[in-house]
Amino acid sequence: MTPIGFPKPVADLAPNSFEFETTPLIKPTGFREYDARWWFGHPASDRAPELNAMGVTALGMGLGTVVQERGAGPDIAVGHDFRSYSVNIKNALISGLMAAGCNVKDIGLALSPMAYYAQFALDVNSVAMVTASHNNNGWTGVKMGCERPLTFGPDEMSRLKEVVLEGEWKLPGGGTYDFIPGFRQTYLASLTQDRESIARPLKVVCACGNGTAGAFAPQMLRDLGCDVIELNTDLDHTFPNYNPNPEDLKMLHAMRDAVLEHGADVGLGFDGDGDRCGVVDNEGEEIFADKVGVMLARDISKGRDKTQFVVDVKSTGLFHSDPVLKEQCAETDYWKTGHSYIKRRVHELGAVAGFEKSGHFFFNKPIGYGYDDGLVTAIAICDMLDRNPDKSMADLRRALPVTYGSPTMSPHCPDEEKYGVAERINSIFEKMKADGEELAGHAITELITVNGVRVVTDDGTWGLLRPSSNAPELVVVVESPVSEDRRNDMFHAMDAIISAQPEVGEYNQKL
């Protein structure tokens, strides 16, 4: 039921107008596959906003309606990241949640995994974390869930979108608000207090890109027993050095330089909301997260009868071909990219861990609670080094079979167009395979279409194209077990097809 005086949201409004201040604005494309993200606006940009404060309140009313109709009850933990507008967005969201009868537990400034942890520590089923993660300034969003440790998937997001856009709120009122003091320390203590410090003296570069993790990661690593060199850990929502994104080469290069300058054992970099961790080894080599996942899978599966892992389709083929994992009877399931998908799959299979190439890692007990936490990943890496005192991070990297992978590359593509473009490119590859046409000089042997299309050729080289789940862009990854030249050839062959699509724009980075 739409309350008197609160109209249904609209998709477009002129900024700085009377209507903009009195009408809820929510662009429908902001409801993504497993979370929500909108362009909120930035003084240096003339891009039209996709969301306003009244729209956020409408979102809160819709979220409160959905979690209760799904049987999760009225209690919900809410936090926000360190952006200039995040606390205001959180407050508008809380207004909507309370109108829907929710009892809000406000944990204040938080990492996403701290908000997930609050579901367990405060014994509530639902969570709403206001964050745009590593997105540029001007973006905002909400990560949500009502079945710990899981977050919303397509079904829940589809229902939320319907409730909000159609104004199908249920608004009994009577919600309550409680601020939870000191929850940052509660969360940090949960990571290190019931375990011994690492025995091996580790010098660690801790890079946070001036994002929210700067208020958490350095202290956690010191509590773990590490000697910490801080890199861009001061909170600054303008991100003056680089966006806090451990997949971004600029951040990885800064970590590399710091590791070499200080003679560190490892560099650990955290994204804007702390649910991902990137790694640079002691020789300054940037290790893509999927390779870090293989190293951790080797370490975790050692001495166990059988271990199950889950990885996303962007990840290295080593999870299937690595001889050590085969010898240790480790099994791996390739699944859809996206923290909600992998988290849910890890939960369904009872897997020990799940790894995404983006750096979202999911550890079930006894390591973690099943959700993605970059600080827990950092602990797992330090524990792996502690259990291998005679080996450096570079030694562990060199012990892997050699493959030549790319970073995640993202050409711009509008949200309204990206799924259709991906389907069109998939059809092109299907026709090439059916016609026996080669790609980059090699026969196509397999097309994996669980999420976008992963094209595999006869020498094991592969390339992935999929629509991004949380940004107006496509995602491109390539890998070859043969050589850098073969990797590059595969990318250029795929890019010739991708860039020929008129809706596709510039890449964020290229080989």
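Residues numbered from 1 in each chain as written. Predicted model: local features only at pLDDT ≥ 70, side-chain atom pairs only at ≥ 80, totals over all residues. Heavy atoms only, no water.

### Digging into empty space enclosed by the protein
Under the criterion given, the structure shown has 4 cavities of 30 Å³ or more. When residues of the lining of the largest cavity are assigned to their parent elements, the largest contribution, 3 residues, is made by strand S10 (residues 277–281). Along the lines of polarity and charge, the residues of the lining of the largest cavity split into 8 nonpolar, 4 polar and 2 charged. (1 Å grid on protein atoms, 1.4 Å probe; cavity = no way out; pocket = protein on both sides within 12 Å on 5 of 7 lines; lining within 4 Å. Points joined across faces, edges and corners; volume = space filled by probe spheres on them. Helix = DSSP H or I, 4+ residues; strand = E, 2+ residues; numbered from the N terminus. Nonpolar A, V, L, I, M, F, W, Y, C, P; charged D, E, K, R; others polar.)

### Notes on the sheet that holds strand S14 (residues 353–355)
The sheet built from 4 strands is open, its strands ordered S13-S12-S14-S15 with mixed pairing. Looking at strand neighbours, the two that pair on one side only are strand S13 (330–335) and strand S15 (361–363), the edges of this open sheet. Averaged over all pairs of adjacent strands, the angle between their axes in this sheet comes to 15°, without regard to strand direction. Relative to S13, strand S12 (residues 307–312) runs parallel, the two being bridged by 6 bridges. Within the sheet, the bridge partner assigned to Val 310 lies in S13 and is Asp 333. Helix H9 (residues 289–301) contacts S12, S13, S14 and S15 of the sheet and is inclined by roughly 20° relative to S15. Together, S12, S13, S14 and S15 form the strand contacts of helix H12 (residues 339–349), whose direction differs from that of S12 by roughly 165°. (Pairing = 2+ DSSP bridges. Axes fitted to C-alpha atoms, helices over the stretch in contact; angles between N-to-C directions. Contact = heavy atoms within 4.5 Å.)

### As for the environment of Asp 265
As for its placement among the helices and strands, Asp 265 is situated in the loop between helix H8 (249–262) and strand S9 (266–270). The sequence separation of Asp 265 and Asp 281 amounts to 16 residues, and the corresponding C-alpha distance is 6.7 Å. At a separation of 2.7 Å, a polar atom in the side chain of Asp 265 contacts the main-chain amide nitrogen of Lys 203. (Polar contact = N/O pair within 3.5 Å; in protein donor to acceptor, adjacent residues only side chain to side chain.)

### Focus on H8
The end-to-end C-alpha distance of H8, which contains 14 residues, comes to 20 Å, matching closely the 20 Å that a straight helix rising 1.5 Å per residue would cover. Where H8 is concerned, the buried positions are Met 251, Leu 252, Met 255, Ala 258 and Val 259. All buried residues of H8 fall inside an arc of 125° around its axis, so they share one side. In H8, the exposed positions angled more than 90 degrees off the buried face are occupied by Lys 250 and Glu 261. The elements touched by buried residues of H8 are strand S7 (203–207), strand S8 (227–231), S9, S10 and strand S11 (286–287). Between the side-chain oxygen of the N-cap and the backbone nitrogen of Lys 250 there are 2.8 Å, and the N-cap of H8 in question is Asp 248. (Expected span 1.5 Å × (residues − 1). Buried < 20%, exposed > 50% of the residue type's maximum accessible area, 1.4 Å probe, protein only. Arc of directions from axis to C-beta.)

### Considering helix H13 (residues 374–387)
Between its first and last C-alpha atoms H13 spans 20 Å; for 14 residues at 1.5 Å apiece the expected length is 20 Å, and the two agree. Among the 14 residues in H13, 12 count as buried, and that is most of the element. Three or more residues of H13 are buried, namely Gly 374, Leu 375, Val 376, Thr 377, Ala 378, Ile 379, Ala 380, Ile 381, Cys 382, Asp 383, Met 384 and Leu 385. Here H13 starts with a cap whose side-chain oxygen sits 2.8 Å from the backbone nitrogen of Leu 375, and that cap is Asp 373.

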